[in-house]
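As a plain string of letters, each chain reads:
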Amino acid sequence: MKSLYVLKKETFIIILSAIWLSLPTLSFALPNSDFTHTEQGIAYPKPNYGISTQRALIEKGEYLAKAGDCIACHTDTQHNGTPFAGGLGIKTSVGTLYTPNITPDKDTGIGNWTDEQFLKAMQQGIKPNGSYYFPAFPYPYFTKINRTDLLAIKAYLFSLKPIHQTVPANAPLFRWHFLALGWRFLFFHSGEYRYEPHQSAEWNRGAYLVQGPGHCGMCHTPINFMGAAKEEYFLKGSIVDHYYAPAITSDALKNYTVEQIAAVFAKDKLLTGGPVKGPMAEVNNNSLKYMSPDDLRAIASYLKTVKSKLAPRKPNKLGSDTGKKIYTSYCATCHNTGAAGAPKIGDTAAWIPRSKQGTNIILQHTINGIGSMPPKGNCVSCSDQEIQATVEYMLEHSITTQ
Ligand code: HEC
Ligand code: HEC
Ligand code: HEC
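What you are looking at is a predicted structure, and each value in this text was computed from that prediction instead of being measured. (Residues numbered from 1 in each chain as written. Chains lettered and ligands numbered in written order. Predicted model: local features only at pLDDT ≥ 70, side-chain atom pairs only at ≥ 80, totals over all residues. Heavy atoms only, no water.)

Around ligand 2 lies a shell of 23 residues, among which C216, C219, H220, K277 and M280 are the nearest. A distance of 2.8 Å separates an oxygen atom of ligand 2 from a polar atom in the backbone of L271. In this structure, an oxygen atom belonging to ligand 2 sits 3.1 Å away from a side-chain N or O atom of Q364. Of all the secondary structure elements, the ones that give two or more residues to the shell around ligand 2 are α10 (217-220), β4 (243-245), α12 (258-267), α13 (278-286) and α14 (293-303). Partitioning the shell around ligand 2 into residue classes produces 19 nonpolar, 3 polar and 1 charged. (Near = heavy atom within 4 Å. Polar contact = N/O pair within 3.5 Å; in protein donor to acceptor, adjacent residues only side chain to side chain. Helix = DSSP H or I, 4+ residues; strand = E, 2+ residues; numbered from the N terminus. Nonpolar A, V, L, I, M, F, W, Y, C, P; charged D, E, K, R; others polar.)

For ligand 3, the set of nearby residues contains 23 residues, the closest of which are C331, C334, H335, R354 and M373. Note that a nitrogen atom of ligand 3 is positioned 2.8 Å from one of the side-chain N or O atoms of H335. At 2.6 Å, a side-chain N or O of R354 approaches an oxygen atom of ligand 3. Of all the secondary-structure elements, those providing two or more residues to the shell around ligand 3 are α15 (319-335), α16 (348-355), α17 (359-368) and α18 (384-396). Examining the composition of the shell around ligand 3, we find that 4 residues originate from one element, α15, more than from any other. A breakdown of the residues in the shell around ligand 3 according to their chemical character gives 12 nonpolar, 9 polar and 2 charged.

The next subject is the coordination of the iron atom of ligand 2. Around the iron atom of ligand 2, the protein supplies H220 (NE2) and M280 (SD) as donor atoms, at distances of 2.0 to 2.2 Å. Around the iron atom of ligand 2 sit 6 donor atoms, and with donor-metal-donor angles ranging over 88 to 179° the site reads as octahedral. Separated by 60 residues along the polypeptide, H220 in helix α10 and M280 in helix α13 bring together distant segments of the chain. Accessibility expressed as a relative area gives 23% for M280, which makes it partly exposed. (Donors = N, O, S within 2.8 Å, 3.2 Å for Na, K, Ca; no water. Tetrahedral: all angles 85-135°; square planar, octahedral: opposite > 155°, others 65-115°. Buried < 20%, exposed > 50% of the residue type's maximum accessible area, 1.4 Å probe, protein only.)

Within this structure, the stated rule accounts for 1 disulfide. The side chain of C379 participates in a disulfide bridge whose partner is C382; the two sulfur atoms lie 2.1 Å from each other. In this structure the cystine formed by C379 and C382 twists about its S-S bond by roughly 80°; its chirality is therefore right-handed. The same class applies to C379 as to C382, namely buried. (Disulfide = S-S within 2.5 Å.)

Core analysis: the biggest nonpolar cluster contains 55 residues, and F84, Y156, L157, F265, I299, Y302 and L303 have the highest contact counts within it. Secondary structure elements with two or more residues in this core: α2 (52-67), α3 (70-73), α4 (115-124), α5 (139-142), α6 (147-158), α9 (201-211), α12 and α14. Ranked by residue count, the leading element in this core is α6, at 6 residues. When residues of this core are assigned to domains, at least three fall in each of domain 1 (2-187) and domain 2 (201-303). Setting aside its immediate chain neighbours within four residues, L157 contacts F84, I102, P104, I110 and F118. The next biggest cluster of nonpolar side chains, apart from the first, holds 18 residues, and it includes C331, C379, C382 and L395. (Core = buried A, V, L, I, M, F, W, Y, C linked by side-chain atoms within 4.5 Å. Domains from an automatic or database assignment. Contact = heavy atoms within 4.5 Å.)

Among the residues of α4, those classed as buried are F118, L119, A121, M122 and Q123. Buried-residue contacts for α4 involve α5 and α6. A positive backbone phi angle near 70° is found at G125, which sits one or two residues after α4.

Here the focus is the packing of aromatic side chains. Under the definition given, this model contains 10 aromatic pairs. Note on W203 and Y302: the rings are 5.2 Å apart at their centroids and 75° apart in plane angle, and the pair reads as edge-to-face. Linking W203 in helix α9 with Y302 in helix α14, this pair joins segments that are 99 residues apart in sequence. The class of Y302 is buried, set by a relative accessible area of 4%. (Phe/Tyr/Trp six-rings, centres within 6.5 Å; stacked < 30°, edge-to-face > 60°.)

Going through the model one piece at a time under the given rule, you end up with 10 salt bridges. Residue R55 is joined to E59 by a salt bridge in which the shortest nitrogen-to-oxygen separation is 3.0 Å. Placement of both R55 and E59 in helix α2 is noted, with a separation of 4 residues, approximately one turn of the helix. According to the relative accessible area criterion, E59 is partly exposed, its value standing at 35%. (Salt bridge = Lys/Arg side-chain N within 4 Å of Asp/Glu carboxyl O.)

The protein gives the iron atom of ligand 1 a lone donor atom, H74 (NE2), placed 2.0 Å from the metal. Looking at where H74 falls in the secondary structure, it is placed in the loop between α3 and β1 (89-92).

Here we come to the packing of α9 against α14. Packed helix pairs are specified by the crossing angle of their axes together with the interaxial distance, meaning the distance between the axes. The N-to-C vectors of α9 and α14 enclose an angle of 90°; their axes lie 7 Å apart at closest approach. The pairing of α9 with α14 is recorded here as roughly perpendicular in orientation. Across the interface between the two elements, E202, W203, R205, G206, A207, L209, V210 and Q211 from α9 touch D295, R297, A298, I299, S301, Y302 and L303 from α14. For the contact of α9 with α14, the per-class residue count stands at 8 nonpolar, 3 polar and 4 charged. (Axes fitted to C-alpha atoms, helices over the stretch in contact; angles between N-to-C directions. Parallel < 35°, antiparallel > 145°, perpendicular 65-115°, else oblique.)

Shown next as structure tokens:
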């Protein structure tokens, strides 16, 4: 009995420490981290196709690596770095994490990796030395990519020129890879994509690309306080790098055709007409523009069937006090007076048509600026959450019946 008790206590302590240890990684959730790469695509290097029997495999891997947008994170675009040689600094509030070199260099890249080591990294998020990766590496999505496809990606990476480049050391916290253990324990579900036999082949292809290599949920799914995607709100919209990545589920897309949705990817045309900007422009230029028209149609058709719960209307932790303070200091100059055509606070008639866009779109406009309204209403130091609290404050004081 005694030993059982000890065991239980230990298990309990492990669970508690797992939760505790994952706390530092919470600010590390990728969608809130500060990414600064370029909107234009990065030029892909030419693979060495080697002997003719390998060519088909490498080409397949090249296509899938494009679908996975590996180049975007594994290239140090801030310093004109070589594609796939890593070194891109992902800034977070707890320091910088650098992406590894994934060229086949034997000293500084992955040139010595076996197939099994590569699969374990991609599907389990475990390093060859047994430590754990942080979820800024989208392995929670890549776990859905099947072995055959992953080995094709590996063949492609191994066909590239090895680049000898050591990436800078991570911030101290990120050297403690065991910190990622708690996060995994709580949020990581591994497993390859399972074909849905009652759905069409096109639907399955779209689902595979979206859930696996495309890791669309990394930006389009709301995250919890520890940076993990909330599955029940899959693709219901989230904020990434001060951009609103809108909902792309069946509800949001019901008025648009498959062609219109595919045009977002191939022609940089938002559903509402304007040009695609920010992080999505990068995704298009590094990844989706290389996909075949059939695959883009498959993605669009699948998205049109995704049903998720409506994310609850945000209890913003900061509350209306924060909102009121920021409003008074930064927004009142225009919104108390209606200067420059700003909708006046309290003027219900002016706010009702705007509220019909949905809070999320209003928030996106406020963060990025719209018309004569400057980005974040000139409060450069305001976080996205603070702006959200302020917008909520303004809406609460302008729209009485809803
Ligand atoms: C959103 C950014 C992002 C994307 C997209 C991405 N990676 Fe990574 N990757 C990372 C980060 C960050 C790490 C390091 C994580 C850590 O150190 O905990 C990493 C680590 C790796 C590693 C481990 C390397 C080592 O030396 O330990 C491999 C292999 C890898 N990625 C391959 C890929 C492939 C293949 C793709 C495309 C299918 C890809 N990555 C797409 C961010 C990304
Ligand atoms: C790095 C973050 C990121 C990733 C990854 C990402 N998106 Fe986006 N997406 C965005 C952002 C931000 C926008 C809004 C762009 C804008 O307003 O200009 C967007 C816009 C869109 C739109 C246009 C919606 C509209 O209302 O016009 C569609 C459709 C879309 N994304 C689908 C996808 C799909 C499918 C994937 C995966 C293959 C994906 N996105 C991956 C960030 C991302
Ligand atoms: C320099 C004047 C100015 C300041 C400062 C300003 N705004 Fe605005 N705001 C405007 C104007 C003008 C519009 C109308 C823009 C349009 O629809 O073309 C607007 C529109 C808005 C909207 C409606 C957006 C929509 O989608 O319809 C919100 C919400 C908003 N502002 C919030 C804020 C907040 C929050 C602040 C302070 C952090 C702020 N504004 C500061 C001028 C300003």
